[in-house]
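Overview (structure and organization)
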Amino acid sequence: MNVTERLLEKAAVDVCNTTDIPVGDKLISFKAPFKRITIYEAIEQHTGFDISRMNEEQLRSVCAQLRIHVDKTMGKGKLVDEIFGGKCEDHYIQPTFIIDYPVEMSPLTKKHRSKQGLVERFELIINGKEMANAYSELNDPIDQRERFEEQATLLKRGDDEAMFIDYDFLRALEYGMPPTSGIGFGIDRLCMLLTNQSSIQDVLLFPQMRPEKTDD
């Protein structure tokens, strides 16, 4: 997170000569440090529900009260994701790290070293949209097998986003994998912010992805 906020702060200064970037009718500050809040705290703040100790059925009840559409294929992780995406994400205009995700939402992520039931993951939200996703890679083959088995159960329930059991990956982990972490940035979304563009089409590097213009 420290590296990410310093990187984006420098990008803003190099591109715009300032950390205060106009985006539509908003002014977004890329000045580090960025706000940090757990996903459970964010949900409680914007819905009034403390879901940190809720099981799947209790989460379904919360979704019903919040009028969030869910179906029987969704497990606990996806229910939490629907609540956050539907009721919280849009509120984070200034750069904000959402941290401490429940283990059910992150099947490839290492368990939190000090907080039971959570994983070491963050998402960076800017202007109401995900800008980056990062986590400590799960490198315990036993834990990973259990996560895959849970995902396979969700797959059987009809969750088309659930993962299958990757036996080749498990075998590779059994040979060994060093402590690793990774981050993925939405580069096009970042370009939109720094250049104050409302359409992603205006910042795509690949011309074939843009609508063809004619002389009609």
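Residues numbered from 1 in each chain as written. Predicted model: local features only at pLDDT ≥ 70, side-chain atom pairs only at ≥ 80, totals over all residues. Heavy atoms only, no water.

This part is about the packing of helix 2 (residues 39-47) against helix 4 (residues 76-87). Interhelical geometry of helix 2 versus helix 4 gives an angle of 50° and a closest axis separation of 10 Å. As summarised for this structure, helix 2 and helix 4 are arranged oblique, according to the angle between their axes. Relative to helix 4, helix 2 is oriented so that their crossing is left-handed. Counted together, Ile39, Ala42, Ile43, His46 and Thr47 of helix 2 and Val80, Ile83, Phe84 and Lys87 of helix 4 form the full contact between these two elements. Class assignment of the residues belonging to the contact of helix 2 with helix 4 gives a composition of six nonpolar, two polar and one charged. (Axes fitted to C-alpha atoms, helices over the stretch in contact; angles between N-to-C directions. Helix = DSSP H or I, 4+ residues; strand = E, 2+ residues; numbered from the N terminus. Parallel < 35°, antiparallel > 145°, perpendicular 65-115°, else oblique. Left-handed = near helix turned anticlockwise from the far one by under 90°. Contact = heavy atoms within 4.5 Å. Nonpolar A, V, L, I, M, F, W, Y, C, P; charged D, E, K, R; others polar.)

What follows covers the pairing of strand 6 (residues 129-136). As defined by bridge partners, strand 5 (residues 118-126) adjoins strand 6 across six bridges and the pair is classed as antiparallel. Of the residues in strand 6, the one forming a bridge with arginine 121 is tyrosine 135. Between strand 5 and strand 6, which pair antiparallel and follow one another directly, the connecting turn spans two residues, one of which, asparagine 127, has a positive phi of 55°. Here strand 6 runs beside strand 7 (residues 181-185); their pairing, made up of five bridges, is antiparallel. (Pairing = 2+ DSSP bridges.)

Attention now moves to unusual backbone geometry. Here the bond from alanine 32 into proline 33 is cis, since omega is 0°, no more than 30 degrees from zero. Within the fold, proline 33 resides in the loop between strand 2 (26-29) and strand 3 (35-38). Unlike most non-glycine residues, arginine 67 shows phi in positive territory, near 60°. Considering the arrangement of structural elements, one finds arginine 67 in the loop between helix 3 (56-65) and helix 4.

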